[in-house]
Amino acid sequence: MNKVCVFFGTGFEEIEALTVVDLLRRASIDVSMVSITGEKTVESSHKVWVEMDMLFEELDFSKVDMIVLPGGMPGTKNLEAYAPLMEQIEHFYEKGKYISAICAAPSILGHRGMLKGRNACSYPDFESHLEGAQVTGNPVEISEHIITSRGMGTAIDFGLAIVARMKDEKTAKELAEKIIYR
């Protein structure tokens with residue numbers, strides 16, 4: 001079974017993070033909400049407190065197939081400032097394991113040179129941070145093991161793209177129909 005982890009820092013964007021969690025759980029994909037704050041509850045960018053499944057320190061990365069980085073401010077900056085998570089992202093990139101980021105969070109990948117020569121997208125204010133990428137205005141871009149998306153309004157597209165990678169296109173399409181999406 002595929003294991004996906006969504007990482008939460010203080011100031012995460014609720015829709016971008018929780019839509020992914022919701023869709024993956026509906027698709028019976030093993031997904032965990034992981035706090036980088038050292039606390040089991042994390043405050044969002046709009047003052048919503050969310051209970052996590054685990055702390056970063058409790059996670060066995062050898063069992064994780066995909067890292068998901070939600071956007072939001074200052075959530076994106078907090079994720080990028082957390083060195084242990086950045087070390088894991090570097091490791092995943094080197095191993096060709098999936099890394100997904102939405103809104104401002106693709107900037108983290110851009111800062112590390114992971115988007116060079118790839119199609120990628122992000123929130124418009126962060127496009128200049130997608131260093132070396134071919135920036136598009138598409139809702140989601142998939143380039144090998146990197147998935148990027150633009151923001152809150154594309155969170156369902158982003159979540160369904162992750163479902164398609166962790167299961168298959170048929171499952172993603174059936175889920176979209178069940179939730180009355182397009």
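To keep things clear, this report deals only with the structure shown in the data block. Small disclaimer: the values here were computed from a predicted structure and weren't measured.

So, the environment of phenylalanine 61
And then number 1: Note that phenylalanine 61 resides in the loop between β5 (54–55) and β6 (66–69).
And then number 2: Of the residues examined, phenylalanine 61 reaches a relative accessible area of 10% and is grouped as buried.
And then number 3: The spatial distance from the C-alpha of phenylalanine 61 to the C-alpha of phenylalanine 92 is 9.4 Å, given a sequence separation of 31 residues.
And then number 4: In contact with phenylalanine 61, other than residues within four places in its own chain, are Phe7, Phe56, Ile67, Gln88, Phe92 and Lys97.

Digging into the side chain of serine 35
And then number 1: Positionally, serine 35 belongs in strand β2 (residues 30–35).
And then number 2: Among the polar contacts listed, one links the side chain of serine 35 to the side chain of threonine 37, at a separation of 2.8 Å.
And then number 3: When sequence neighbours within four positions are dropped, the list of residues in contact with serine 35 reads Phe8, Val42, Met52, Met54, Leu55 and Phe56.

Notes on unusual backbone geometry
And then number 1: Here methionine 73 and proline 74 are connected by a cis peptide whose omega angle stands at 5 degrees.
And then number 2: Mapped onto the elements, proline 74 comes out in the loop between β6 and α2 (75–81).
And then number 3: A positive phi angle is found at lysine 47, which is not glycine, with a value near 65 degrees.
And then number 4: Secondary-structure assignment places lysine 47 in the loop between β3 (41–43) and β4 (49–51).
And then number 5: For glutamate 144, which is not a glycine, the phi torsion comes out positive at approximately 55 degrees.
And then number 6: For glutamate 144, the location among the structural elements is in the loop between β10 (140–143) and β11 (146–149).

About the criteria used
Residues numbered from 1 in each chain as written. Predicted model: local features only at pLDDT ≥ 70, side-chain atom pairs only at ≥ 80, totals over all residues. Heavy atoms only, no water. Helix = DSSP H or I, 4+ residues; strand = E, 2+ residues; numbered from the N terminus. Buried < 20%, exposed > 50% of the residue type's maximum accessible area, 1.4 Å probe, protein only. Contact = heavy atoms within 4.5 Å. Polar contact = N/O pair within 3.5 Å; in protein donor to acceptor, adjacent residues only side chain to side chain.

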